[in-house]
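The lines below spell out each chain.
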Amino acid sequence: RPLAGVAAPPPPRRTTTPTTTMSATHPRRSFLLSLPTAAALLTATPALADGALSAATKTRARGLYGNRILALQPLVEALPAEVDAGRWLRVEEVVAAVKAEKNAFALYASGVWGGERAVVTALGRETEDMFKALGKLGKAASDYEKKDGKVAAEKVVAAFGGY
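Rules used throughout
Counting starts from 1 at the beginning of each chain's written sequence and moves along it residue by residue. In keeping with the model being predicted, local features are shown solely for residues with a pLDDT of at least 70 and side-chain atom pairs are shown and tallied solely at 80 or more, while totals for entire chains, interfaces and linings include all residues. Side-chain figures throughout are based on the complete set of non-hydrogen atoms in the structure, without hydrogens or water. Under the scheme used here, helices are H or I runs from DSSP no shorter than 4 residues and strands are E runs no shorter than 2 residues, and both carry numbers assigned from the N terminus. Two residues qualify as a contact provided that any one of their heavy atoms is within 4.5 Å of a heavy atom in the partner residue. Residue exposure ignores everything except the shown protein chains as possible cover, and the areas themselves are Shrake-Rupley values with a 1.4 Å probe. In the sections that follow, a salt bridge refers to a side-chain nitrogen of Lys or Arg positioned within 4 Å of a carboxyl oxygen of Asp or Glu. Here the term buried applies to any residue with accessible area under 20% of the maximum for its type, exposed to any over 50%, and partly exposed to those in between, with areas from a 1.4 Å probe on protein chains only. By convention, a stacked pair of Phe, Tyr or Trp rings (six-membered ring in the case of Trp) has centres within 6.5 Å and planes under 30 degrees apart, an edge-to-face pair has planes over 60 apart, and any other such pair is tilted. Two conditions define a charge located above a ring, namely a distance within 6 Å from the ring centre to NZ of Lys or CZ of Arg, and an angle within 35 degrees of the ring normal. Axis geometry follows a simple rule: fit a line to the C-alpha atoms, using only the stretch in contact for helices, then measure angles between N-to-C directions, giving values from 0 to 180 degrees. Any angle from 65 to 115 degrees is called roughly perpendicular, while one under 35 is roughly parallel, one over 145 is roughly antiparallel, and all others are oblique. What makes a crossing left-handed is the near helix being turned counterclockwise from the far one by less than a right angle; a clockwise turn instead makes it right-handed.

(A) Just the overall build of the protein, in detail. Looking only at helices and strands, one finds eight helices and zero strands in the protein. Starting at the N terminus and ending at the C terminus, the protein contains elements arranged as α-α-α-α-α-α-α-α. A separation threshold of at least 6 residues defines the contact pool for the protein, and within that pool the share at least 24 residues apart is 72%. Surface exposure of the protein reaches about 12100 Å², of which carbon and sulfur atoms provide 60%.

As structure tokens, then:
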């Protein structure tokens, strides 16, 4: 309801914003096919890490990925008891949690021990063994196989101990 004696403000003026039109005299295709561009594309190298492993980068990797791995330790150590008790849903949850952190194991090995090829190789084997055993443990849990689950759980715990 309008107020008595007060005029309504005028409607806002419609202004147009300037638009920029880009008109290229050469289409993109001819630009991309030009000799300098082709030479630049052919000589481009992929972005690779320089491999610098300072004490700071090792400490950072240990803190980031080591903590993620360390958080899994009580879960992994409890696996044999979970299998013995037949708590298959809990076993499947732990298997999924460890599998979700697969990259943390690789990044920990290469970040903390990157300068020592033998250690990285050994940790890689441990990780591979652990994830094979996790696969067997997951299958045993879905099939309610206590004997196979016990063997697989002990292999997971042993391989996890390498970290």
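(B) A look at the pattern of salt bridges. Evaluated as defined, the whole model comprises seven salt bridges. Notably, a salt bridge pairs Lys-132 with Glu-128, separated by 3.5 Å at the nearest N-O pair. Of this pair, Lys-132 and Glu-128 both sit in helix 7 (residues 117-143), separated by four residues, roughly a single helical turn. Looking at Glu-128, the relative accessible area reads 46%, which means it is partly exposed.

(C) Quick look at unusual backbone geometry. The phi torsion at Tyr-144 lies on the positive side, around 55 degrees, for a residue other than glycine. For Tyr-144, a relative accessible area of 59% gives the class exposed.

(D) Fine view of the packing of aromatic side chains. Tallied over the entire structure, the rule returns five aromatic pairs. Measuring from centroid to centroid gives 6.1 Å for Phe-105 and Phe-160, while their planes differ by 80 degrees, and the two rings are edge-to-face. Taken together, the residues span a long stretch of sequence, with Phe-105 in helix 6 (residues 102-112) and Phe-160 in helix 8 (residues 146-160) at a distance of 55 residues. As far as the burial class goes, Phe-105 and Phe-160 line up, both buried. An aromatic cluster is defined as three or more aromatic residues linked by ring pairs; in this entry it consists of Phe-105, Tyr-108, Phe-131, Phe-160 and Tyr-163. It is Lys-102 that lies over the ring of Phe-131; its NZ or CZ is 5.2 Å from the centre.

(E) Seen up close, the side chain of Thr-127. In this structure, Thr-127 sits in helix 7. A relative accessible area of 11% places Thr-127 in the buried class. Apart from residues lying up to four places away in sequence, Thr-127 is in contact with Phe-105 and Tyr-163.

(F) Representation of the packing of helix 3 (residues 55-77) against helix 5 (residues 88-100). In contact at an axis separation of 10 Å, helix 3 and helix 5 are set at 150 degrees when each is read in the N-to-C sense. Taken together, the axes of helix 3 and helix 5 are roughly antiparallel relative to one another. Relative to helix 5, helix 3 is oriented so that their crossing is left-handed. Along the contact surface, helix 3 presents Leu-72, Leu-75 and Val-76, while helix 5 presents Arg-90, Val-94, Ala-97 and Val-98.

(G) Representation of the packing of helix 6 against helix 7 within the structure. Running from N to C, helix 6 and helix 7 point in directions that differ by 170 degrees, and their axes come no closer than 9 Å. Here helix 6 is positioned roughly antiparallel relative to helix 7, judged by the angle of their axes. As for how helix 6 packs across helix 7, the hand of that crossing is right-handed. Every residue of helix 7 that contacts helix 6 at Lys-102, Phe-105 and Ala-109 is listed here: Val-120, Leu-123, Thr-127, Met-130 and Phe-131.

(H) Inspection of the environment of Phe-131 at higher detail. Looking at the element boundaries, Phe-131 is found in helix 7. Each C-alpha atom of the pair Phe-131 and Val-95 lies 9.2 Å from the other, and the pair is 36 residues apart in sequence. Apart from residues no more than four positions distant in its own chain, Phe-131 is found in contact with Val-98, Lys-99, Lys-102 and Phe-105.

Function cannot be inferred from these measures alone, as they are strictly geometric.
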